[in-house]
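Coordinate analysis (summary)
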Amino acid sequence: MKTSLEKLERNVKTDRAFVLILTVFTALLAVSMFIEGFSLMSKDAADFSIQTEADIFGVEETNLYIDEEWNRTIFTNYYLLETEDGVRDYRAAAMIETCRGAAQCTLIAVITVLVYFLFRDCKKMRTPFTRKSVRLLWGIAVLIMAVTLLPELVSMIMTMCIFSYARFEFTPSDFCIVLLGGVFGMIAEVFKYGIALQEDSDSIA
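Attention here is on the structure that accompanies the text. Because the structure is predicted, anything quoted here is derived from the model rather than measured. (Residues numbered from 1 in each chain as written. Predicted model: local features only at pLDDT ≥ 70, side-chain atom pairs only at ≥ 80, totals over all residues. Heavy atoms only, no water.)

Remarks on helix 2 (residues 90-125)
Our working definition: Helix and strand assignments come from DSSP, with helices taken as H or I runs of at least 4 residues and strands as E runs of at least 2, each series counted from the N terminus. One fewer than the residue count of a helix, multiplied by 1.5 Å, yields its expected span. We call two N or O atoms a polar contact when they sit within 3.5 Å, provided that within protein one can donate a hydrogen and the other can accept it, with sequence-adjacent residues counted only if both atoms are side-chain atoms.
Given a rise of 1.5 Å per residue, 36 residues ought to cover 52 Å, and the 52 Å separating the end C-alpha atoms of helix 2 matches this to within 8%. Regarding helix 2, its N-cap is aspartate 89, as a side-chain oxygen of that residue lies 3.3 Å from the backbone nitrogen of arginine 91 further along. Directly after helix 2, the chain includes arginine 126, whose backbone phi takes a positive value near 60°.

Following this line, the structure appears as structure tokens:
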């Protein structure tokens, strides 16, 4: 029994290290995207252009160029939006896309922090069935849902301010992420039930 517990504790320690690395990576990615967003503001709209090109496999893709240098491959429809003057503002579209990505990375970094605390408390308390674990799981559940909803809200507000109309997209993959958050919420409730059983067992003993 002791050997099995020690093995599990070693596994938890390894998982904590992995989650910590993931947290640092996503946090750095979020910071770099915020910095990129601010750098885009300092450039002139005329410096931005898009081109449709074939990749190495011959598949056509649309790329964004800034000062005639490749910046990114475009996967969103923000670059099709037009201002009230009927002009496509590629700089604004790039800013919206970058801010949306930065918001997602920030939320993912916070989720990994909560996961790290969850593993730490499991090792410290030697059980996952604690009220703090339930709160952490609920926090993870809410943030997973926010990974989809908050970036879309940011995009909608920026689109409204720049292009004067709201744009909100909710894809099937977004629905799956929200559903995943709901699953974590249900797991939190299962943990709450486990705590109640554990407390009843301790009171009888």
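Once the structure has been displayed, the description carries forward.
Some points on the pattern of salt bridges
Applied cut-off: By definition here, a salt bridge exists when the distance from a side-chain nitrogen of Lys or Arg to a carboxyl oxygen of Asp or Glu is within 4 Å. Partly exposed residues are those whose accessible area sits between 20% and 50% of the maximum for their type, while under 20% is buried and over 50% is exposed, using a 1.4 Å probe and protein chains only.
Tallied over the entire structure, the rule returns seven salt bridges. Note that arginine 72 is salt-bridged to glutamate 36, the shortest N-O span being 2.8 Å. Separated by 36 residues along the polypeptide, arginine 72 in strand 3 (residues 69-73) and glutamate 36 in helix 1 (residues 2-41) bring together distant segments of the chain. For arginine 72, a relative accessible area of 11% puts it in the buried group. Notably, a salt bridge pairs glutamate 152 with arginine 100, separated by 2.4 Å at the nearest N-O pair. One end of the pair, glutamate 152, is in helix 3 (residues 131-163); the other, arginine 100, is in helix 2, with 52 residues separating them in the sequence. Each member of the pair glutamate 152 and arginine 100 is classed as buried. Put simply, Glu36, Arg72 and Glu97 are held in one network by salt bridges that share partners.

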